[in-house]
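Listed below, chain by chain, are the residues.
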2 protein chains.
Amino acid sequence: MKPEPAPTTTRERFIAAAKALFAERGFYGASMDQIAREVGLTKQALIHHFGSKEKLYGAVLSDISERLLAELEESEHQVAPDAAEAFIGALQRIYRRTIENPADTQLLMRELLDNRQRAPKAGSWYLRPFLDRLERLLARDPRWETEKKPARETHVYQLLGAINYFAISAETLKAMYSNRHIAAMQKGFPARLARLAGSSP
Amino acid sequence: MKPEPAPTTTRERFIAAAKALFAERGFYGASMDQIAREVGLTKQALIHHFGSKEKLYGAVLSDISERLLAELEESEHQVAPDAAEAFIGALQRIYRRTIENPADTQLLMRELLDNRQRAPKAGSWYLRPFLDRLERLLARDPRWETEKKPARETHVYQLLGAINYFAISAETLKAMYSNRHIAAMQKGFPARLARLAGSSP
DNA sequence: ATCGTTACCTACCAAGTGGTAAGGTGTCAA
DNA sequence: TTGACACCTTACCACTTGGTAGGTAACGAT
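Asks: Is there a simple way to think about the protein's contact with DNA strand C in this case?
Replies: Near DNA strand C, the surroundings consist of 15 residues, among which A:Ser31, A:Lys43, A:Lys53, B:Thr42 and B:His49 are the closest. Considering the 4 Å shell around the protein, atoms of DNA strand C inside it are sugar or phosphate in 52% of instances. A:Lys43 is positioned such that a nitrogen or oxygen atom in its side chain is 3.0 Å from a base oxygen of DNA strand C. In the model, a phosphate oxygen of DNA strand C is placed 2.8 Å from a nitrogen or oxygen of the A:Lys53 side chain. Take the surface near DNA strand C: its biggest share by element is four residues, from helix α3 (residues 43–50) of chain B. Taken together, the residues that form the surface near DNA strand C break down as five nonpolar, eight polar and two charged.

This is the structure in structure tokens:
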């Protein structure tokens, strides 16, 4: 529905191209030269803007994180009858965003696979603010506010996992079955998500 | 509990090393030289056995597929009170296998991300026989046998997704929280899986 | 004794990797 | 007018990539 605004600055165009290629082929599979040529500039222009491949990758993750946070913020401006509804609404919003931006999702799943031990350890993790924000939203639900924080955080984490996995699966399943069948599945998912999200601790 | 038998032949040792490295760094991130040195031989010995990197990767996937199928076969030898129970039992067996062999799981998730357009198109997909077998097992359940085959197959697919995602998440969550907390979560998962698997169409 | 095969080696190659060095061009402030 | 800076270029570098060529040692069958 709401298309991602087309990138304007060179930096934004680099990030968009890098995101697509990192998502498709992974960190090692995507080369600096390839990313730069996608934009129509040279590899050295890319290095000029980001310093190194690692930093470019970091910038891409930051970009995704910011967009997710922005989505949550919009979600919080809407009024909901109660806390549980607000939480479910936020998740469904995230879900819609997820299937509209498959590259972001793919990249996040890769991040999960690549940085198993390294990344999530400290607070220095790109998705941490997003996770925290969702956790606080869940904490407003009376059924959850008495629980411990890790319990809420894992609930959030698992729900995000369900969303991501479903989004990725849909792409693969489309290749295996008829589009019509998948469309039906996708239509039913938000309701299923609501059931999962609304379940008690 | 049941440790994977140590690889004996050179070919098996190559496959084991390749599996670990492909799982950890992805197809492009793992190099032939690295894999060979892990075994203590040269890159050319590796190429001698498998022909090319692509074929080596294929051999690794085949290996995983065979092991999964073998697990299912053992599962079918056990008697269960009814079809639904048998299906749940098989899934729980797969689950146990999954957390005991995290490298296999990681690699399968990567495969899901990498081959979106390329691989699953035809029936020439490595996991297809495994998926089919599970689907047929589910078809014995009276509540499912009247459903269409794609419905059963997506049910199976989603359940496997839940297992895989949970296994991967557990690794990441371990880095974020206390081991004790994660252990409690893991203990509860088989029951949760049974509830998911046993649900009606 | 010899042949064919399997398993492995060293040597080598073209292509590509991320990154550095140095320079050119345009813009804008002093 | 000059200087500083952002942006982007070509030229180059050391290193790694997957893969080829050709050879050697071991071994079983004939």
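Next comes the rest of the description.
Asks: Help me out: how do you make sense of the pattern of salt bridges in this one?
Replies: Working definition: two side chains of opposite charge can pair if their charged atoms are close together. With the rule as written, the count across this model stands at 31 salt bridges over all chains. Here A:Arg128 ties to A:Asp132 by a salt bridge, and the two come within 3.4 Å at their closest N and O atoms. On the criterion of helical spacing, the pair formed by A:Arg128 and A:Asp132 is a turn pair, its members being four residues apart in helix α7 (residues 128–139). Judged by relative accessible area, which is 18%, A:Arg128 ranks as buried. Put simply, B:Glu100 and B:Arg96 hold a salt bridge, and the shortest N to O gap is 3.8 Å. Placement of the pair is B:Glu100 and B:Arg96 together in helix α5 (residues 83–100), with a separation of four residues, close to one helical turn. By relative accessible area, which is 29% here, B:Glu100 ends up partly exposed.

Asks: Whenever I open this one, the packing of aromatic side chains confuses me. Can you help?
Replies: When we look at a pair of aromatic rings, we describe it by the centre distance and by the angle of the planes. This structure, assessed with the given rule, holds 18 aromatic pairs over all chains. With a centroid separation of 5.3 Å and an interplanar angle of 85°, the aromatic rings of B:Phe27 and B:Tyr28 are classed as edge-to-face. Note on B:Tyr95 and B:Phe189: the rings are 4.9 Å apart at their centroids and 45° apart in plane angle, and the pair reads as tilted. Here B:Phe189 lies in helix α10 (residues 179–198) and B:Tyr95 lies in helix α5, a separation of 94 residues in the sequence. Each member of the pair B:Tyr95 and B:Phe189 is classed as buried. Members of the aromatic cluster, each reached through a chain of ring pairs, are A:Phe22, A:Phe27, A:Tyr28 and A:Tyr57. A:Lys53 extends its terminal NZ or CZ atom over the ring of A:Phe27, reaching a point 4.7 Å from the ring centre.

Asks: Would you explain the packing of helix α4 (residues 53–77) of chain B against helix α6 (residues 102–114) of chain B in this entry?
Replies: When two helices pack together, their arrangement is captured by the angle between the axes and the distance separating the axes. Residue and element names in this part refer to chain B. With their axes 11 Å apart at the nearest point, α4 and α6 run at an angle of 120° to one another. Put simply, α4 runs oblique to α6. Every pair of crossing elements has a handedness; the one defined by α4 and α6 is left-handed. Side by side, α4 and α6 meet where Tyr57, Val60, Leu61, Ile64, Arg67 and Leu68 of the first sit next to Asp104, Leu107, Leu108, Glu111 and Asp114 of the second. For the contact of α4 with α6, the residue count by class is seven nonpolar, no polar and four charged.

Conventions adopted
Residues numbered from 1 in each chain as written. Chains lettered and ligands numbered in written order. Predicted model: local features only at pLDDT ≥ 70, side-chain atom pairs only at ≥ 80, totals over all residues. Heavy atoms only, no water. Near = heavy atom within 4 Å. Polar contact = N/O pair within 3.5 Å; in protein donor to acceptor, adjacent residues only side chain to side chain. Helix = DSSP H or I, 4+ residues; strand = E, 2+ residues; numbered from the N terminus. Nonpolar A, V, L, I, M, F, W, Y, C, P; charged D, E, K, R; others polar. Salt bridge = Lys/Arg side-chain N within 4 Å of Asp/Glu carboxyl O. Buried < 20%, exposed > 50% of the residue type's maximum accessible area, 1.4 Å probe, protein only. Phe/Tyr/Trp six-rings, centres within 6.5 Å; stacked < 30°, edge-to-face > 60°. Lys NZ or Arg CZ within 6 Å of the ring centre and 35° of its normal. Axes fitted to C-alpha atoms, helices over the stretch in contact; angles between N-to-C directions. Parallel < 35°, antiparallel > 145°, perpendicular 65-115°, else oblique. Left-handed = near helix turned anticlockwise from the far one by under 90°. Contact = heavy atoms within 4.5 Å.

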